[in-house]
Amino acid sequence: LNPDLRVAIFDGGIPAGILPASLVRRKRAKNLASAVPESEAHGLAVTSALLYGSLLQGDPLPMPFTTVDHYRVIDQNTIQDPQGHYFEVLTRIMDVLRQNPFDFVNLSLGPDLPIEDDEVHVWTASLDDHFSTGNSLVTVAAGNTGEDDWDSGNARIQSPADGVNILSVGASDRPGTNWKRAGYSSIGPGRSPGIVKPDILAFGGSRAHPFWVPDAGRPGYALAIQGTSFASPAALRTAIGIRAYLGSVITPIALKALLIHHSEDGGHAQREVGWGRIPSDVEQLITCPDGSAHVLYQGVLEPRKYLRARIPLPADGLAGNVTITATFCYATEVDPQDPLNYTRAGLDIAFRPDKDRFGESE
């Protein structure tokens, strides 16, 4: 447990007396009307997913990796928006973010609209601009429209899951092997240049394999649910676990890179699973199996500059063939007025083998 981490969830609030006050600080945005019980139940489930993951029958609660600030940003006046944009909810979120630096943020809410290629929604633009520094890891639920019409685009991810400075999370249907995308989980592609969306998948529950959370209506009991709303905080929990184990030496962007690098697509189409489903076991992300080594580079690369990241080798060399895979993550400023050239920075990557062993023609 690392209580020094600053973690925020923006959602519908939490009913009093269910989650420990030592772990969850119940806060609210300014000028809110009364809470909505259904939204509080959703906020409780999202917060439980970040603290504990999916509950397991007969097992004690796992140790949370951190404490959480839960900000209620939904009230009776904003629970329904005929246009599906929820601009007032975004204003409340941005007011809190501008005044409080957070290491980790989860959003399991947003506009009830699929993304469009020729327009950047204000939710995406606002969050991408705020998190362009790369100082926070932000997970966003991809949406639950995966069973809508694919050809019309209605099943595509929902804003702000198309952001380039956030980590969009879809849902898998089970935690073990033989998994696939949960039918409800919204699909890609994303909007250029973030074509691969959702970025990753995490377990979000299904009818056959539900995601279990505390029941807001019956304290002491668990409730079976499903949705990308719970896959997103579950993925963030894994990232926070890495940070809790390794300490502040690892940056938010490095955590994003680790999650993507260790994801496996299971042979499924990229449009459905992005880069793939992440491991839920933190140890799989911070240890190296036999015959492999993980090398992490992190830092700041200024515009128009370059960096050579050397691949370390044992002093006595290596025998046999070696497979090299690399994942690059960076944060960038954005230009919402130009959807076709949305990011203000790009990255050219080149692999240069040993010049003493390989000539230019090889």
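Here's what I pulled together on the structure shown here. (Residues numbered from 1 in each chain as written. Predicted model: local features only at pLDDT ≥ 70, side-chain atom pairs only at ≥ 80, totals over all residues. Heavy atoms only, no water.)

Overview of the overall build of the chain
Right, so step 1: Tallying secondary structure elements over the chain gives seven helices and nine strands in all.
Right, so step 2: For a compact globule of 362 residues, the expected C-alpha radius of gyration is about 21 Å, and the chain comes in at 21 Å, within 12% of that figure.
Right, so step 3: Structurally, the chain occupies a C-alpha span of about 70 × 50 × 40 Å along its principal axes.
Right, so step 4: Counting over 362 residues, the chain shows a buried share of 47%.
Right, so step 5: Once local pairs closer than 6 in sequence are excluded, the contacts in the chain between residues at least 24 apart make up 76%.
Right, so step 6: Positive and negative side-chain charges in the chain, numbering 30 and 42 respectively, have mean positions lying 5 Å apart. (Helix = DSSP H or I, 4+ residues; strand = E, 2+ residues; numbered from the N terminus. Rg over C-alpha atoms; globule rule 2.2 N^0.38 Å. Buried < 20%, exposed > 50% of the residue type's maximum accessible area, 1.4 Å probe, protein only. Contact = heavy atoms within 4.5 Å. Lys, Arg positive; Asp, Glu negative; His and termini not counted. Charge placed at Lys NZ, Arg CZ, Asp CG, Glu CD.)

Quick word on a negative patch on the surface
Right, so step 1: There is a patch of like negative charges on the surface, built from Glu147, Asp148, Asp149 and Asp151.
Right, so step 2: You can see Glu147 is positioned in the loop between strand 5 (137–141) and strand 6 (167–172).
Right, so step 3: Note on Glu147: relative accessible area 63%, which makes it exposed. (Patch = residues over 30% accessible without salt bridge, like charges linked within 9 Å, V, L, I, M, F, W, Y side chains within 5 Å. Areas by Shrake-Rupley, 256 points an atom, 1.4 Å probe, with all protein chains shown as cover. Salt bridge = Lys/Arg side-chain N within 4 Å of Asp/Glu carboxyl O.)

Let's talk about the side chain of Ser108
Right, so step 1: Summarising the element assignment, Ser108 is placed in the loop between strand 4 (104–107) and helix 3 (122–130).
Right, so step 2: For Ser108, the side chain forms a polar contact with the main-chain oxygen of Ser229, separated by 2.8 Å.
Right, so step 3: Setting aside residues up to four positions removed in sequence, Ser108 forms contacts with Phe10, Asp11, His42, Val46, Ala141, Ser229, Ser232 and Pro233. (Polar contact = N/O pair within 3.5 Å; in protein donor to acceptor, adjacent residues only side chain to side chain.)

The values reported here are purely geometric and, on their own, carry no functional implication.
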